[in-house]
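The lines below spell out each chain.
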Amino acid sequence: MPSTKEIRGKIKSVQNTRKITKAMEMVAASKMRKAQDRMFAARPYGDKIRVICSHLARANSEYKHPFLVKHEGTKKIGLILVTTDKGLAGPLNTNIQRLVLHKIKDWSAEGYSIEATALGNKGLGFLQRLQANVVSQAVQLGDRLIGAIRIQIQAYVEGKVDSVHLAYSRFVNAMKQVPVVEQILPLTDSHLDAADKRDHSWDYLYEPDAETVLDALLKRYVEALIYQAVAENMASEQSARMVAMKAASDNAKKLIEELQLVYNKTRQAGITKEITEIVGGAAAVS
């Protein structure tokens, strides 16, 4: 049985750990609110531009933007993986990595190879462990974000990859984040609901011309999707970290209570032993 001094040391260590996890929980809760506001503000714009571009994918136009042209034959797929830079976020990164791993296995079974872009340090490490071909990366997401994804966009425009997919964690609520892998290039009508899908093609009037409008709109489309994915992932990260740190703090509290009980029993046993020795010594003298 450990001594009371050792148990006191363990209790002190767990108490210090609980202070850290409690502080991280409060910091994550504060950041979560800002991340959610940014994510909720971006979501309507991103959803609407998805629908508009889905209509364009079915439209007849005298100008075909490269994003609307399907490529076949290269047997390569571009993948943009959005993860966090730091850990301690519960199963958030594990869930999206597991989904991406299944997708990569399915693509490999069909004969496709992967050219990946990692947005976030955890995703970069994951892709490197898979020995995937990482063509670009960005950590500490900021101004370098567009530069990292431009390589994937240019590869599609030049016909080096057949499609480009985006993997991220979609925020549902503070307790639930859903891993998502969706195709962003070429444009499809997958974001249209049953009421919007029609048998005939869409037709638009472009002003000043189709090339000018589509070049500006579809560039904005890709930027909006990437921005929304990063915003969703950041909100998911702070929510998952808050929940994980709360669970860690609660577990630390239970462990402290258990150690305190062991300490009291050990201390009581020591006192009882000392009393027994004193009584036994007194009896021997008498």
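Residues numbered from 1 in each chain as written. Predicted model: local features only at pLDDT ≥ 70, side-chain atom pairs only at ≥ 80, totals over all residues. Heavy atoms only, no water.

Caption draft 1: Focus on a negative patch on the surface. On the surface, Glu62, Asp203, Glu207, Asp209 and Glu211 cluster together into a patch of negative charge. Within the secondary structure, aspartate 209 is located in the loop between β7 (202–203) and α5 (210–285). With a relative accessible area of 33%, aspartate 209 lands in the partly exposed category. (Patch = residues over 30% accessible without salt bridge, like charges linked within 9 Å, V, L, I, M, F, W, Y side chains within 5 Å. Areas by Shrake-Rupley, 256 points an atom, 1.4 Å probe, with all protein chains shown as cover. Salt bridge = Lys/Arg side-chain N within 4 Å of Asp/Glu carboxyl O. Lys, Arg positive; Asp, Glu negative; His and termini not counted. Charge placed at Lys NZ, Arg CZ, Asp CG, Glu CD. Helix = DSSP H or I, 4+ residues; strand = E, 2+ residues; numbered from the N terminus. Buried < 20%, exposed > 50% of the residue type's maximum accessible area, 1.4 Å probe, protein only.)

Caption draft 2: Representation of helix α2 (residues 92–109) within the structure. The end-to-end C-alpha separation of α2 is 26 Å, in line with the 26 Å expected for 18 residues at 1.5 Å each. Of the positions making up α2, those classed as buried are Leu92, Asn93, Ile96, Gln97, Val100, Ile104 and Trp107. Buried residues of α2, seen end-on, are gathered within an arc of 100° and therefore sit on one face of the element. Away from its buried face, by an angle of more than 90 degrees, α2 presents the exposed residues Lys105 and Ala109. Here the buried face of α2 lies against β2 (76–82), β3 (113–119), α3 (121–129), β5 (163–173), β6 (176–185) and α5. Glycine 111 sits one or two positions beyond α2 and adopts a positive phi of about 95°. (Expected span 1.5 Å × (residues − 1). Arc of directions from axis to C-beta. Contact = heavy atoms within 4.5 Å.)

Caption draft 3: Highlighting the pairing of β6. Examined bridge by bridge, β5 and β6 share nine bridges and lie antiparallel to one another. Looking across to β6, one finds that alanine 167 is bridged to valine 181. Between the end of β5 and the start of β6, which pair antiparallel, lie two residues. (Pairing = 2+ DSSP bridges.)

Caption draft 4: Spotlight on the nonpolar core. In terms of nonpolar packing, the biggest core is built from 34 residues, with Ile80, Leu119, Leu166, Ile184, Tyr221 and Ile226 touching the most fellow members. If you list the elements that add at least two residues to this core, you get α1 (4–58), β2, α4 (145–157), β5, β6 and α5. For this core, the element with the highest residue contribution is α5, accounting for 10 residues. Excluding anything up to four places from it in sequence, tyrosine 221 contacts Ile49, Arg50, Cys53, Ile184 and Leu187. Formed by 15 residues, the second largest nonpolar core is a distinct cluster that contains Leu79, Leu81, Phe126 and Leu127. (Core = buried A, V, L, I, M, F, W, Y, C linked by side-chain atoms within 4.5 Å.)

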